[in-house]
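Take a look at the letters that make up each chain.
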Amino acid sequence: MRCLIETTVLADILLKRSSAQGKAAVKALEGFSDRLLPVYAIKEFKKGPLRYFAWAHNRLAEGRKFSTFMAALHRLSRTPQRYMTSTSLEAIRDASETALSVDADTFVEGAAASSADEIVAERLRFALKVRIELAWRRRRKIATQVIEPLSCYREHAPRLTDEGLYEVSPVRCNPPKECSLGDRLRPLKASIETLLATLSQLPQKPENAKRATALRVLTKGAKQRLTEDNCNHLGDAVFALVCPADATILSTNVRDLRPLADALGLEVKLPD
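The rules behind the values
Residues numbered from 1 in each chain as written. Predicted model: local features only at pLDDT ≥ 70, side-chain atom pairs only at ≥ 80, totals over all residues. Heavy atoms only, no water. Buried < 20%, exposed > 50% of the residue type's maximum accessible area, 1.4 Å probe, protein only. Helix = DSSP H or I, 4+ residues; strand = E, 2+ residues; numbered from the N terminus. Arc of directions from axis to C-beta. Contact = heavy atoms within 4.5 Å. Phe/Tyr/Trp six-rings, centres within 6.5 Å; stacked < 30°, edge-to-face > 60°. Pairing = 2+ DSSP bridges. Axes fitted to C-alpha atoms, helices over the stretch in contact; angles between N-to-C directions. Right-handed = clockwise from strand over helix to strand, strands pointing away. Expected span 1.5 Å × (residues − 1). Bend = angle between axes of the 7 residues up to and from the residue.

In this section: helix 13 (residues 254-263). Of all the positions in helix 13, only Val254, Asp256, Leu257, Leu260 and Ala261 are classed as buried. Seen from one end, helix 13 has its buried residues packed into an arc of 160°, which puts them on one side. Its buried side turned inward, helix 13 meets helix 9 (189-199), helix 10 (206-218), helix 12 (236-242), strand 6 (247-250) and strand 7 (267-269). Looking one or two places after helix 13, you find Gly265, whose phi comes out positive at around 75°.

Structure representation (structure tokens):
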């Protein structure tokens with residue numbers, strides 16, 4: 001049995017392994033002997049969940065107090081960045097189990113914390129650091145095959161600066177002419193047309209409109225270049241287009257992905 005690992009499941013396994021959703025993702029993955037991981041999922045993982053975990057780590061490192069971190073998170077919640085807010089909350093929730101079980105002599109790096117507020121912040125920061133490092137190290141190891149390479153994308157590891165902050169960059173590609181997905185996906189014109197027809201029947205939310213625009217670029221031949229923004233907006237359509245016919249897509253985002261997969265005769269499974 002084969003499965004294709006979508007970004008949400010990749011993030012649950014790498015960053016939230018001890019949570020209920022992480023355990024469900026691991027269990028679901030173990031049910032498949034052949035586990036396929038597109039590089040596109042790694043790209044989305046780094047730009048999204050991994051970067052958000054790094055944001056939480058950096059705010060804890062800068063403020064040195066849990067109360068200061070919560071104030072920063074509150075400010076973030078008042079902006080349009082709802083995904084960063086929710087993932088940062090998940091980061092703290094999932095890291096707290098590890099943080100509370102680590103001996104104080106193990107986690108303190110540098111000067112000893114002098115208040116409960118600082119102790120909590122340092123424990124959480126250390127737990128997040130461990131998760132970020134292990135997640136990046138294991139990203140390819142959870143799959144039996146890493147497929148669909150992106151020649152314009154480089155997997156640069158997150159870097160810890162001299163100030164103790166994570167720099168998760170670059171998250172953008174550097175295509176010489178156009179996104180390498182252009183040449184890969186254009187020949188799938190019939191499938192692309194099917195997805196466009198499906199999208200036209202779905203709720204007209206901005207995400208679907210941007211996805212449809214990116215797919216239309218692929219129908220216009222090589223003269224119309226696929227930009228990096230187009231690549232990012234393709235999102236779920238990439239997994240539907242590159243998934244082998246005999247594979248099941250593992251995803252927690254079944255609401256958006258299932259209509260596209262169904263249109264192409266593919267199966268989507270929610271880890272449970």
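Summed over the entire model, instances satisfying the criterion amount to 3 aromatic pairs. Ring plane angle 55° and centroid distance 6.1 Å describe the contact between Trp55 and Phe69, whose orientation is recorded as tilted. Of the two residues, Trp55 is situated in helix 3 (residues 39-63) and Phe69 in helix 4 (residues 66-77); the sequence distance between them amounts to 14 residues. Each member of the pair, Trp55 as well as Phe69, carries the same accessibility label: buried. Three or more aromatic residues link up through ring pairs in this structure, and these residues are Trp55, Phe66 and Phe69.

For the rest of this paragraph, the subject is the pairing of strand 1 (residues 2-5). A regular strand places its side chains so that they alternate between the two faces of the sheet. Note: strand 1 against strand 2 (residues 34-38), 3 bridges, orientation parallel. Paired with Cys3 across the two strands is Arg35, which belongs to strand 2. Sheet analysis places strand 1 next to strand 6, joined by 4 bridges and oriented parallel. Paired with Arg2 across the bridge in strand 6 is Ala247.

Sheet strands associate in pairs through backbone hydrogen bonding, adopting either a parallel or an antiparallel arrangement. Taken in spatial order, the 5 strands line up as 3-2-1-6-7 in an open sheet, and their pairing is parallel. Edge positions in the open sheet fall to strand 3 (145-147) and strand 7, since each of these has one partner strand only. With direction set aside, neighbouring strand axes in the sheet form an average angle of 35°. As paired elements, strand 6 and strand 7 share 3 bridges and run parallel to each other. Along strand 7, the bridge assignment pairs Leu250 with Lys269. Across the face of the sheet, helix 13 comes into contact with strand 6 and strand 7 while running at roughly 165° to strand 7.

Our focus in this paragraph is the pairing of strand 6. Neither face of strand 6 is exposed, since Ala247 and Ile249 on one face and Thr248 and Leu250 on the opposite face are all buried. At this point the chain moves from strand 6, through helix 13, to the parallel strand 7, and the crossover so formed is right-handed.

Time to look at helix 3. Helix length check: helix 3 (25 residues) gives 35 Å between terminal C-alpha atoms against 36 Å at 1.5 Å per residue, within 8%. In helix 3, a bend of some 40° at Phe45 exceeds every other bend along the element, and Pro49, a proline, comes one to four places later. Buried residues dominate helix 3, accounting for 19 of its 25 residues. Positive backbone phi, approximately 65°, marks Arg64, located one or two places after helix 3.

Time to look at the side chain of Ser19. By the element assignment, Ser19 lies in the loop between helix 1 (7-15) and helix 2 (20-30). Judged by relative accessible area, which is 10%, Ser19 ranks as buried. Setting aside residues up to four positions removed in sequence, Ser19 forms contacts with Arg93 and Asp94.

Function cannot be read off these values alone, since they describe shape.
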